[in-house]
Amino acid sequence: MASGKFITFEGGEGAGKSTQARLLAERLRSVGHGVVETREPGGTKRGEQIRDLLLSGKARQYGPTGEAVLFCAARDDHVRDVIRPALERGEWVVCDRFADSTVAYQGAAGGVRPTLIRALNRVAVGETRPDLTVILDLPADAGLERAQARNTESAGDEGNGEVDRFEGMSGRFHEALRAGFLQIAAGAPDRCIVIDAQEAESAVAEEVWNAVVERLDP
Ligand code: TYD
């Protein structure tokens, strides 16, 4: 059966994942691949509903463990409805955040036990593991500054550029997050590549493309 490749982008706030995911998808299309671009939490109608619950902070009352369960419920739906079918059709999937975000946000930074997160991710992900994970690395304060600038730009007259559930966490949370992502990369060097997100957008895009060429032969 035809099988496409599955690439995920990970990192803290303001690292430029969404932009890099879009640039990579365009480049893959330009060499002739069918590409599905998607994101987490979300990617399906039901997943987007869970996203609203999580990012508005309404799910905060369930605590980090409850939030991890919700992220993984959305992931289960997303993998089954979008990611696995696309890969089976032979398309490439580029996903803005995936299972490593739960390991880093709810686990490393949020304090949920790693064994529990692994179990939840095993249920949600199954065999549909990424072929390549790009971790965009940035000092926590630089990322938060960028995320805040983005919020101000998008605020407009409606004043809707508010800080979401996780952007509003302490500097310590974001430092733990960064360390968490670096630890994930160190533990899975065949799957992960870490790229310095402080470089220019075009330089990061070039590094991403080189990694894809080297590892996945698109
Ligand atoms: P999003 O607006 O997509 O943020 P970003 O641009 O930083 O990717 O919001 C996703 C938020 O949800 C982000 O703060 C990270 C968080 N998150 C988790 O805490 N756990 C998860 O498993 C996932 C997928 C995301």
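See the structure printed just above.
Residues numbered from 1 in each chain as written. Predicted model: local features only at pLDDT ≥ 70, side-chain atom pairs only at ≥ 80, totals over all residues. Heavy atoms only, no water.

(A) Highlighting the packing of helix α4 (residues 99-109) against helix α5 (residues 114-125). Close contact between α4 and α5 brings their axes to 10 Å; oriented N to C, the two are set at 155°. When the axis of α4 is compared with that of α5, the two are roughly antiparallel. For the pair α4 and α5, the crossing hand works out as right-handed. Along the contact surface, α4 presents Ala-99, Thr-102, Val-103, Gln-106 and Gly-107, while α5 presents Ile-117, Asn-121 and Val-125. When the residues that make up the contact of α4 with α5 are grouped by side-chain class, the tally is four nonpolar, four polar and no charged. (Axes fitted to C-alpha atoms, helices over the stretch in contact; angles between N-to-C directions. Helix = DSSP H or I, 4+ residues; strand = E, 2+ residues; numbered from the N terminus. Parallel < 35°, antiparallel > 145°, perpendicular 65-115°, else oblique. Left-handed = near helix turned anticlockwise from the far one by under 90°. Contact = heavy atoms within 4.5 Å. Nonpolar A, V, L, I, M, F, W, Y, C, P; charged D, E, K, R; others polar.)

(B) Highlighting the site of the ligand. What surrounds the ligand is a group of 16 residues, the closest being Glu-13, Arg-51, Arg-97, Thr-102 and Gln-106. Glu-13 is positioned with one of its side-chain polar atoms (N or O) 2.7 Å from an oxygen atom of the ligand. Between the ligand and Lys-17 there is a distance of 3.1 Å, counted from an oxygen atom to a side-chain nitrogen or oxygen. Protein contacts shield 94% of the accessible area of the ligand, which totals 540 Å² for the unbound molecule. Judged by the fraction of its atoms near the pocket grid, the ligand is located in the largest pocket. Within the residue set of the shell around the ligand, elements represented by two or more residues are α2 (45-55), α3 (63-88) and α4. Top element by residues in the shell around the ligand is α4. It accounts for four residues. Its residues assigned to classes, the shell around the ligand shows five nonpolar, three polar and eight charged. (Near = heavy atom within 4 Å. Polar contact = N/O pair within 3.5 Å; in protein donor to acceptor, adjacent residues only side chain to side chain. Areas by Shrake-Rupley, 256 points an atom, 1.4 Å probe, with all protein chains shown as cover. 1 Å grid on protein atoms, 1.4 Å probe; cavity = no way out; pocket = protein on both sides within 12 Å on 5 of 7 lines; lining within 4 Å. Sits in = over half its atoms within 2 Å of the grid points.)

(C) Structural context of the pattern of salt bridges. Counting across every chain of the model gives 14 salt bridges. Where Glu-167 meets Arg-150, a salt bridge forms, and the shortest distance between an N and an O atom there is 3.1 Å. Residue Glu-167 is located in the loop between α6 (140-155) and α7 (171-187), and its partner Arg-150 is located in helix α6; the two are separated by 17 residues in the primary sequence. The class for Glu-167 is buried, based on a relative accessible area of 9%. (Salt bridge = Lys/Arg side-chain N within 4 Å of Asp/Glu carboxyl O. Buried < 20%, exposed > 50% of the residue type's maximum accessible area, 1.4 Å probe, protein only.)

(D) Main features of the pairing of strand β1 (residues 6-11). Counting buried positions along β1 gives six out of six residues, so the element sits mostly inside the fold. Residue alternation in β1 divides its side chains into two sets, Phe-6, Thr-8 and Glu-10 and Ile-7, Phe-9 and Gly-11, and both sets are buried. Pairing geometry for β1 and strand β3 (residues 92-96), over four bridges, is parallel. Residue pairing across strands places Phe-9 opposite Asp-96, the latter belonging to β3. Bridge analysis of β1 against strand β4 (residues 132-137) gives five bridges, and the strand direction is parallel. What sits directly across from Ile-7, in β4, is Leu-132. (Pairing = 2+ DSSP bridges.)

So, to be careful, I would describe these as geometric facts and stop short of saying anything about function.
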